[in-house]
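Inside the fold
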Amino acid sequence: MAANAKSDPASSKNRTTVERTSERELVVTRTFDAPARIVLEAWTTPKLFMRWWAPKSMGMILRSCEMDVRTGGKYRLEFGQDASNSFAFFGRYIEVTPHSRLIWTNEEGDDGAVTTVTFEERGGKTLLVLCELYPSKGALDAAGTGAADAMPEQFGQLDELLVTLT
Amino acid sequence: MVQYSPARLDASFAALSDATRRGVLEQLGRADASITDLAEKFRMTLTGMKKHVGILEQTGLVITKKVGRVRTCRLGSRALEVEAAWIERHRRFWEARFDALDQVVEELKEQEQIHGRKRKE
């Protein structure tokens, strides 16, 4: 059964939704066909986390991942092709509630978001809600989306335009 | 998904290459305004502002309507498409991540079924 599900992932794929709920806030939702403890395990185990946080289509390579997943614990992610050409994201977990909620900061710059992820289990499935709260409207407008950001300069102008539209 | 034709993109990029025109869009994002309002706000002549608005209007970024002697400007559907494209870019980014997470989750589920939950017993 599992093999069938895997061979045709498109038909069983759950939808990812994104909504800008305010000038400074982006909310992402996705349902997973598994209990919350399993989704959390994939989220909080570095070896597993590295397999999905930087998927190939994003065009970013996650070189290393350290995470001390407990309230007050730190994390550090290094992206890049090699050591001389890498950049790091880091911050702290400000809340870790087993099987239900993670909140972390992003501290490598002034524009980092506070991210809250809740895992709500219903009938063996998990509704994941991820909320990024940025310090300013401009910070969210400029928020990166991996390889999609490596676009012609003009796309940057389109992004600037967006500052105006929400 | 929002579809762009190359010609429309070129026109949009040209329209957006000017700081005043970007400012006008920002202003119209907050509220509709007359050309006179915009000219005052950006401290330029009525003729100058008409020219900028005309360029934005050609791309569909702005729509104007004349009521009496006043021409009012508002954001066009094209501008809303740009906003939709921004959201879609973010949605694809997270979709790529979460589809990859799905694969990891499926593997963990299978392992758990195979091993039962012996580790915890």
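Criteria and thresholds
- Residues numbered from 1 in each chain as written.
- Chains lettered and ligands numbered in written order.
- Predicted model: local features only at pLDDT ≥ 70, side-chain atom pairs only at ≥ 80, totals over all residues.
- Helix = DSSP H or I, 4+ residues; strand = E, 2+ residues; numbered from the N terminus.
- Buried ≥ 20, exposed ≤ 12 C-beta atoms within 10 Å, placed from the backbone.
- Contact = placed C-beta atoms within 7 Å.
- Pairing = 2+ DSSP bridges.
- Axes fitted to C-alpha atoms, helices over the stretch in contact; angles between N-to-C directions.
- Parallel < 35°, antiparallel > 145°, perpendicular 65-115°, else oblique.
- Left-handed = near helix turned anticlockwise from the far one by under 90°.
- Nonpolar A, V, L, I, M, F, W, Y, C, P; charged D, E, K, R; others polar.
- Core = buried A, V, L, I, M, F, W, Y, C linked by C-beta atoms within 7 Å.

As a further point, take the overall build of chain B. The helix and strand tally for chain B stands at five helices and three strands. Starting at the N terminus, the α and β elements of chain B follow one another as α-α-β-α-α-β-β-α. The 121 residues of chain B split such that 26% are buried. For chain B, the share of sequence-separated contacts (at least 6 apart) that also reach a separation of at least 24 residues comes to 49%.

This part takes up the pairing of strand β2 (residues 62-67) of chain B. Residues and elements named next belong to chain B. Bridge count between β2 and strand β3 (residues 70-75): six bridges; the pairing is antiparallel. When the bridges of β3 are listed, K65 appears paired with T72. Turn length for the β2-β3 hairpin, with the two strands adjacent in sequence and antiparallel, is two residues, and the turn residue G68 shows positive phi of about 65°.

Take the sheet that holds strand β2 (residues 25-32) of chain A next. All names here are of chain A. Across the sheet, which stays open at both edges, the eight strands sit in the order β1-β2-β8-β7-β6-β5-β4-β3 with antiparallel pairing between neighbours. The strands lining the two open edges of the sheet, one partner per strand, are β1 (17-22) and β3 (62-67). Shown here is a sheet whose adjacent strand axes are inclined to one another by a mean of 20°, direction ignored. With five bridges joining them, β3 and strand β4 (residues 74-80) adopt antiparallel strand pairing. The residue of β4 that forms the bridge with L62 is F79. Contacting β2, β3, β7 (114-122) and β8 (125-133), helix α3 (residues 36-44) runs over the sheet at an angle of about 150° to β7.

Right, let's talk about the packing of α3 of chain A against helix α5 (residues 77-115) of chain B for a bit. Between α3 of chain A and α5 of chain B, the least distance of the axes is 9 Å, while the angle of their chain directions is 120°. When the axis of α3 of chain A is compared with that of α5 of chain B, the two are oblique. Considering the relative orientation of α3 of chain A and α5 of chain B, their crossing is right-handed. Residue-level inspection shows I38, V39, E41 and A42 of chain A of α3 of chain A in contact with α5 of chain B, the latter providing L101, V104, V105, L108 and K109 of chain B. Its residues assigned to classes, the contact of α3 of chain A with α5 of chain B comprises seven nonpolar, no polar and two charged.

Below, the discussion takes up the nonpolar core. Core analysis: the biggest nonpolar cluster contains 28 residues, and V39, A42 and W52 of chain A together with L101 and V105 of chain B have the highest contact counts within it. Broken down by secondary-structure element, the contributors of at least two residues to this core are β2, α3, α4 (46-52) and β8 of chain A together with α5 of chain B. In this structure, V105 of chain B is in contact with F32, A34, I38, V39 and A42 of chain A, ignoring residues within four places of it in sequence. L16, I35, V53 and W86 of chain B belong to the second largest nonpolar core, which has 17 residues in total.

Sheet strands pair via backbone hydrogen bonds, and the direction of the pair is either parallel or antiparallel. Residues and elements named next belong to chain B. Across the sheet, which stays open at both edges, the three strands sit in the order β1-β3-β2 with antiparallel pairing between neighbours. Each edge of the open sheet is held by one strand with a lone partner, namely β1 (33-34) and β2. Sheet analysis places β1 next to β3, joined by two bridges and oriented antiparallel. Within β3, the residue paired with A33 across the bridge is C73. Strands β1, β2 and β3 of the sheet are contacted by helix α2 (residues 19-30), whose axis makes an angle of about 90° with β3. The sheet strands contacting helix α4 (residues 46-59) are β2 and β3, and the helix crosses β2 at an angle near 120°.

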